Amino acid sequence: MATKTDATTNADEDELKAVKTVTVKNIAKGPRGLHAKNGHVLLESGQSIGNLEVAEGEIRSAESTGHFVISRDNKPIDADDKKADDEKAAS
């Protein structure tokens, strides 16, 4: 019989594996990569790519690096999006 902790862990794991279609922009000064559903994707500095299928866990990991801006609604990312995000975080 599964315990509540096991069930919670399985639900968390399922959430992290869930694939989302996103737009990703590399805001780092050099090339950076992330793992998409179909393999590794390398983005040059300033490059963005849409309709990218990425697992939720990889999205969270990529966001935590500070190298990427990720649009979860798969809309194009403006050059000022990172600046707006930084201002929100500072307030």
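Along every chain, residues carry numbers that run from 1 in the direction the sequence is written. Given that this is a predicted model, residues contribute local features only at a pLDDT of at least 70 and side-chain atom pairs are listed and counted only at 80 or more, while totals for whole chains, interfaces and linings are drawn from all residues. By convention in this description, side-chain values take in all heavy atoms of the structure and omit both hydrogens and water.

Trainee: What should I look at first to understand unusual backbone geometry in this one?
Mentor: Glycine aside, residues mostly have negative phi, and peptide bonds are mostly found in the trans state. Phi at N51 takes a positive value of approximately 55°, unusual for a residue other than glycine. The secondary structure listing takes helices from DSSP runs of H or I that are at least 4 residues long and strands from runs of E that are at least 2 residues long, numbered from the N terminus. Along the chain, the position of N51 falls in strand β4 (residues 48-55).

Trainee: What is the right way to look at the environment of K17 in this model?
Mentor: Mapped onto the elements, K17 comes out in helix α1 (residues 4-17). Exposed residues in this analysis have more than 50% of their type's maximum accessible area, buried residues have under 20%, and partly exposed residues fall in between, with area computed by a 1.4 Å probe over protein chains only. Exposure remark for K17: the relative accessible area of 59% places this residue in the exposed category. Each C-alpha atom, one on K17 and one on G57, is 6.3 Å from the other, the two residues being 40 residues apart in sequence.

Trainee: Please explain helix α2 (residues 56-65) as it appears in this structure.
Mentor: Structurally, the α-helix is built with 3.6 residues per turn, so residues lying three or four positions apart point the same way. For α2, the complete set of buried residues consists of E56, I59 and A62. Projected down its long axis, α2 shows its buried positions confined to an angular sector of 125°, all on one face. Residue G66 follows α2 closely and has a positive phi angle near 80°. Here the arc refers to the directions that run from the helix axis out to each C-beta atom.

Trainee: Looking at this model, I keep getting lost on the confidence of the model for the protein chain. Mind explaining?
Mentor: Detail in the predicted coordinates should be disregarded across regions flagged by low pLDDT. pLDDT runs from 0 to 100 and stands for how confident the predictor is about each residue. Per-residue confidence for the protein chain averages 83 on the pLDDT scale, and 76% of its residues sit at or above 70. The least confident element of the protein chain is helix α3 (residues 81-90), whose mean pLDDT is 49; the most confident is strand β3 (residues 39-43), at 97.

Trainee: Could you clarify how one ought to interpret the pairing of β3 in this entry?
Mentor: Each regular strand carries side chains that alternate between the two faces of the sheet. In this description, strands pair whenever DSSP reports at least two bridges between them. Looking at chain direction, strand β2 (residues 32-36) and β3 are connected through five bridges and run antiparallel. Across the sheet, H35 pairs through a bridge with H40, a residue of β3.

Trainee: Got a minute to help me understand the nonpolar core in this structure?
Mentor: Soluble globular proteins tend to bury their nonpolar side chains together. The set of buried Ala, Val, Leu, Ile, Met, Phe, Trp, Tyr and Cys residues whose side-chain atoms join them within 4.5 Å is what this entry labels a nonpolar core. The biggest cluster of nonpolar side chains holds twelve residues, and these are V22, V24, L34, A36, V41, L43, L52, V54, I59, A62, F68 and I70. Secondary structure elements with two or more residues in this core: β1 (19-26), β2, β3, β4, α2 and β5 (68-71). Residues count as neighbours in contact if any of their non-hydrogen atoms are within 4.5 Å of one another. Beyond its immediate stretch of four places on either side in the chain, V24 contacts L34, L43, Q47, S48, I49, L52, F68, V69, I70 and I77.

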